[in-house]
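Each chain, letter by letter, is given below.
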There are 2 protein chains.
Amino acid sequence: MSRPNTAQIRTDDSSVASVAERARAASRAIAKLSAEARTEILNAAAAAIENGRQSVLAANALDCPEAETAVASGKMSQAMFARLRVNEHGIAQMAAQVREVARLADPLYRRLSATELDDGLILYKESCPFGVIGVVFESRPDVIPQIGALALKSGNAVILKGGSEAAHTNEALVAIWRECLGKFPGAPADAIQLLHTRADVMDLLSQDRDVDLIIPRGSYELVNFIMQHSRIPVLGHGEGICHIYVDRAADVKKAVAIAYDAKVQYPAVCNAAETLLVHQEIAKEFLSQAVPQLKQAKVELRGDAKTTAILPNAGIVPATEKDWATEYGDLILSIKIVSNLGEAIDHINRYGSRHTDSIVTEDAAAAKRFMDEVDSASVFQNASTRFADGYRYGLGAEVGISNSKLHARGPMGLEDLTTHKYKLYGNGHTVAEYSRGEKKFKHRPL
Amino acid sequence: MSRPNTAQIRTDDSSVASVAERARAASRAIAKLSAEARTEILNAAAAAIENGRQSVLAANALDCPEAETAVASGKMSQAMFARLRVNEHGIAQMAAQVREVARLADPLYRRLSATELDDGLILYKESCPFGVIGVVFESRPDVIPQIGALALKSGNAVILKGGSEAAHTNEALVAIWRECLGKFPGAPADAIQLLHTRADVMDLLSQDRDVDLIIPRGSYELVNFIMQHSRIPVLGHGEGICHIYVDRAADVKKAVAIAYDAKVQYPAVCNAAETLLVHQEIAKEFLSQAVPQLKQAKVELRGDAKTTAILPNAGIVPATEKDWATEYGDLILSIKIVSNLGEAIDHINRYGSRHTDSIVTEDAAAAKRFMDEVDSASVFQNASTRFADGYRYGLGAEVGISNSKLHARGPMGLEDLTTHKYKLYGNGHTVAEYSRGEKKFKHRPL
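Residues numbered from 1 in each chain as written. Chains lettered and ligands numbered in written order. Predicted model: local features only at pLDDT ≥ 70, side-chain atom pairs only at ≥ 80, totals over all residues.

Caption draft 1: View of the overall build of chain A. Counting secondary structure elements, chain A contains 16 helices and 17 strands. Referenced to the eigenvectors of the C-alpha coordinate spread, the extents of chain A come out at roughly 75 × 70 × 35 Å. The buried share of chain A, taken over its 446 residues, is 55%. (Helix = DSSP H or I, 4+ residues; strand = E, 2+ residues; numbered from the N terminus. Buried ≥ 20, exposed ≤ 12 C-beta atoms within 10 Å, placed from the backbone.)

Listed below in structure tokens is the structure:
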């Protein structure tokens, strides 16, 4: 692959440490912009993406031939190639997503709490930007406008590292953002920078002085690698082993539709369902309707002994212990019959990945228990697990989905790119008087 | 040291994996308790600590002789011994702290957001417990009632590992909590468990299935060790290199009092000041008043060339580059003269530890700039850095102080022991219709 001209992206001093240092300086400038200025930059970037469509398409035309060769020789999947390819419609969607984020409420400098500690000693807790965010992703050039919009709207600078297969396209998109930033006073182009090589990624993960947060987007292997090698906090998502539990009190028609949607609509993604848990009292009725539909959609079904006993001639293969803990990411679904709600909850908490799990039931008490006791980021009643997504949740776009309980849990949006600080206003206050008991705190919420 | 009788604490199956598994089961029970029940347990524990004072004092009397020998042979510091020793007053304080936490507002099951995604499809974001929290601490048996109260009030189970020098005292305190829990229906004693050895700590750090969060409390070395070896997310605090910046527009009297308090009142703690930055225009006036007082308190002063030039005969030794990046934790203070506010901010962002920094000024615009641009968890105007503390902030008690920007920043209280989950209520909703454009999201905030 010919190397793209990176002159417009980088100065001569292009070591990752220098990139990070310049990102830090840019982040301080971006954090000072008003909410209106940040929104205006996003809207200008959306227009610039549309106006620059020829340069993006031309760059993408440079990336595609090599990728086609890789597909032909089996080194790249068709799905990956599809994500790499950009057309006019894709560019329009990128611009639309940036405008969607521009429209969201400002996440910065919100007062999260206010307390009068004592006379003339007032404490505020306020949201503020993280600073510099590093995002490592594979393929998908549309990540750039998405993350660019989220990062700038929340007052951060961002360092991007995309897949080398999309190098030209990524360069063209980043160049558009940088040019756009350069037109706004107080908005340095270095608020968005692009890295190029795998070695750059390793360097990036050690810039803990100038980079505050790393977000990996891509395969489980990529996320794991980053988590193991980063000296910087990482927000990333692991596996998605999502469940649909069809309760005794389920509306069977809804259950069939939800199970079908959760498995078939897009099986490769993390919020697709991998296991169907079915209450024994409804199993025969539900399975006799669901199985033919799933079979017709070419879903391979793997059932426990009770399932195959109910439908012995439906072509359901026996499931093994390993199936309960597997994210297929494909048209495969495991099925287990359970005796009661508690068994379903225990199964999910034992084998699930704390991502998204849904109960289908008309029984509000059963739904409440399921949603309280299933220890997952998203718990649903009568809805497909596929709804677990930042855009669908109304977050505008998503940075990713977090299975962690720390900081961000579930789809991550604008707010998850902010942190907070405490601001204390005094009038010469010292601690000694309080330690000696001469003064007492009031701790009055304001 | 004789091993305490652990029969009351552990069942026969005392492997750390089993401890963690029982903590997980207990956490599910504690999470189901009402706010009233959790508060009642804390108040009962406070009373039980008071009533059980004889057993705690007797246990502490078993720990102290060995510690005294260690102090005599230089293996333990006097400060550490002081923290280990428990008296009647200390027990009364423990009970008071538990009652303080009991009085705080319930942090659980608060609605953080509500959105109508579409007709009949409603999304809630709700606070909930973490689950199981592991706390590793050194010396200080009073950590047990503090953490026990915070963990149970926020619906979590907790696994504690204290210093072996306080083993008997820790056992006695944990036994009181466990006995107290056992008296409440639905509150398993295993919601508080105690580990004993260093090997247990290593085992604990690998229980990522059953432990959700690790909190180390103690030396920088302990925190670093835990961070490097844990497979579980860690919330801990690193160094405290805190600054006082005396602005051109400072009230000199306030500045002297604040600098003195921040350095002298308790120099061993992380929120004590290590560096004084002084605007050149006020340096002579401020230093000529502050230096004699600091000297009288036996503070060693290390100044840059401008400082020693202003007060050549005050016994100020020359500071080196290393001083700016050092947490003394002792009666030592470095001093630097700066030309302007920007230089002070840059110095803090470069050498500080993002813990707590204070500006002394009567100029509101200077204070605003300092507090916006200094990238620290706590930023103060006209107050001693020593106020950065969970109790003083009105959080009741503190789990620790976080220098990280992820999840918790600054003093960590009750809220920081909670996470959140998304609850989505539908009526058979599937994603396919939205993907095909047949339905559109409303995303209406409720």
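Caption draft 2: Geometry of the relation of the copies chain A and chain B. Placing chain A over chain B gives an RMSD of 0.0 Å and needs a rotation angle of 180 degrees, together with 0.0 Å of translation along the axis. In symmetry terms, the pair is related by a two-fold rotation axis. Minimal C-alpha separation from the rotation axis in chain A is found for His-407 of chain A, amounting to 1.9 Å. Same-surface contact between copies: 100% of interface residues of chain A are shared with the interface of chain B. (Least-squares fit on C-alpha atoms with pLDDT ≥ 70 in both. Contact = placed C-beta atoms within 7 Å.)

Caption draft 3: Geometry of the pairing of strand 5 (residues 192-195) of chain B. Residue and element names in this part refer to chain B. Alternating positions in strand 5 separate into two faces, Ile-192 and Leu-194 on one and Gln-193 and Leu-195 on the other, with burial throughout. Of the pairings in the sheet, the one linking strand 4 (residues 157-161) to strand 5 comprises 4 bridges and is parallel in character. Looking at the pairing, Lys-161 lines up with Leu-195 of strand 5. Each parallel crossover has a hand, and for strand 4 linked through helix 7 (residues 167-182) to strand 5 it is right-handed. (Pairing = 2+ DSSP bridges. Right-handed = clockwise from strand over helix to strand, strands pointing away.)

Caption draft 4: The sheet that holds strand 9 (residues 300-303) of chain B, seen in detail. The 11 strands are arranged 17(A)-1(A)-2(A)-16(A)-13(B)-12(B)-7(B)-8(B)-11(B)-9(B)-10(B) in an open sheet whose pairing can be described as mixed. The open sheet terminates on both sides in strands that have one partner only, identified here as strand 17 (444-445) of chain A together with strand 10 (317-318) of chain B. Looking at chain direction, strand 12 (residues 356-360) of chain B and strand 13 (residues 378-383) of chain B are connected through 4 bridges and run parallel. Counterpart to Ser-358 of chain B in the pairing with strand 13 of chain B is Phe-380 of chain B. Helix 15 (residues 364-373) of chain B rests against strand 16 (418-429) of chain A together with strand 7 (242-246), strand 12 and strand 13 of chain B of the sheet, and its axis sits at about 155 degrees to strand 13 of chain B. (Axes fitted to C-alpha atoms, helices over the stretch in contact; angles between N-to-C directions.)

Caption draft 5: Local environment of the packing of helix 2 (residues 35-51) of chain B against helix 6 (residues 143-153) of chain B. Residues and elements named next belong to chain B. Between helix 2 and helix 6, the least distance of the axes is 9 Å, while the angle of their chain directions is 165 degrees. When the axes of helix 2 and helix 6 are compared, the pair comes out roughly antiparallel. In terms of crossing hand, the pair formed by helix 2 and helix 6 is right-handed. Each of Arg-38, Ile-41, Leu-42, Ala-45 and Ile-49 in helix 2 lies in contact with helix 6, whose residues at this interface are Pro-145, Gly-148, Ala-149, Leu-152 and Lys-153. (Parallel < 35°, antiparallel > 145°, perpendicular 65-115°, else oblique. Left-handed = near helix turned anticlockwise from the far one by under 90°.)

Caption draft 6: View of the interface of chain A and chain B. Contact with chain A, which involves 55 residues of that partner, is made by 55 residues of chain B. Those elements that provide at least two residues to the side of chain A that touches chain B are strand 1 (111-118), strand 2 (121-129), helix 10 (252-264), helix 15 (364-373), strand 13 (378-383), strand 16 and helix 16 (432-435) of chain A. Split into classes, the residues belonging to the side of chain A that touches chain B amount to 21 nonpolar, 21 polar and 13 charged. (Nonpolar A, V, L, I, M, F, W, Y, C, P; charged D, E, K, R; others polar.)

Caption draft 7: Quick peek at the environment of Lys-298 of chain B. Its place among the elements puts Lys-298 of chain B in the loop between helix 11 (283-296) and strand 9. You can call Lys-298 of chain B exposed: it has 8 C-beta atoms within 10 Å.

Caption draft 8: Region of the structure containing the domain arrangement of chain A. Here chain A is partitioned into domain 1 (16-235) and domain 2 (242-387). Just the C-alpha atoms count here: the centres of domain 1 of chain A and domain 2 of chain A sit 36 Å apart. (Domains from an automatic or database assignment.)

Caption draft 9: The sheet that holds strand 6 (residues 213-217) of chain B, seen in detail. All names here are of chain B. Strand order in the open sheet made by the 4 strands is 5-4-3-6, with parallel pairing throughout. Every interior strand has two partners, whereas the edge strands, strand 5 and strand 6, have only one. Each adjacent strand pair in this sheet contributes to an overall mean axis angle of 20 degrees, direction not counted. As defined by bridge partners, strand 3 (residues 132-137) adjoins strand 4 across 5 bridges and the pair is classed as parallel. Bridge pairing in strand 4 places Gly-134 opposite Ile-159. Along the sheet, helix 1 (residues 16-32) contacts strand 3, strand 4 and strand 5; its crossing angle with strand 4, the most-contacted strand, is approximately 145 degrees.

Caption draft 10: Structural view of helix 6 (residues 143-153) of chain A. All names here are of chain A. Counting buried positions over the 11 residues of helix 6 gives 11, a clear majority of the element. Val-143, Ile-144, Pro-145, Gln-146, Ile-147, Gly-148, Ala-149, Leu-150, Ala-151, Leu-152 and Lys-153 are the residues of helix 6 that are buried. Looking one or two places after helix 6, you find Gly-155, whose phi comes out positive at around 75 degrees.

Caption draft 11: Just helix 10 of chain A, in detail. Spanning 13 residues, helix 10 of chain A covers 18 Å between terminal C-alpha atoms, matching the ideal 18 Å at 1.5 Å per step. For helix 10 of chain A, a buried count of 11 out of 13 residues is recorded, marking the element as mostly surrounded by other parts of the structure. (Expected span 1.5 Å × (residues − 1).)

Caption draft 12: Highlighting the pairing of strand 9 of chain B. Residues and elements named next belong to chain B. The pairing of strand 9 with strand 11 (residues 332-338) spans 4 bridges and is classified as parallel. By the bridge assignment for strand 11, Gly-303 is matched with Ile-335. One ladder, built from 2 bridges, connects strand 9 with strand 10; its direction is parallel. Residue pairing in the sheet places Arg-302 in a bridge with Val-317 of strand 10. Between strand 9 and its parallel partner strand 10, the chain crosses via helix 12 (residues 305-310), and the hand of that crossover is right-handed.

Caption draft 13: Here's a closer look at the environment of Glu-373 of chain B. Summarising the element assignment, Glu-373 of chain B is placed in helix 15. Remark: the alpha-carbon pair of Glu-373 of chain B and Tyr-391 of chain B, spanning 18 residues in sequence, is separated by 26 Å. Apart from residues lying up to four places away in sequence, Glu-373 of chain B is in contact with Arg-28 of chain A together with Ile-345 of chain B.

Caption draft 14: View of the packing of helix 5 (residues 88-103) of chain B against helix 6 of chain B. Residues and elements named next belong to chain B. One can describe the packing of helix 5 onto helix 6 by two numbers: an axis separation of 9 Å at closest approach and a directional angle of 20 degrees. One way to sum up the angle between helix 5 and helix 6 is to call them roughly parallel. Between helix 5 and helix 6 lies a crossing of right-handed hand. Residues Met-94, Gln-97, Val-98, Val-101 and Ala-102 of helix 5 touch helix 6, and the partners they reach there are Pro-145, Gln-146, Ala-149, Leu-150 and Lys-153. When grouped by side-chain class, the residues that make up the contact of helix 5 with helix 6 number 7 nonpolar, 2 polar and 1 charged.

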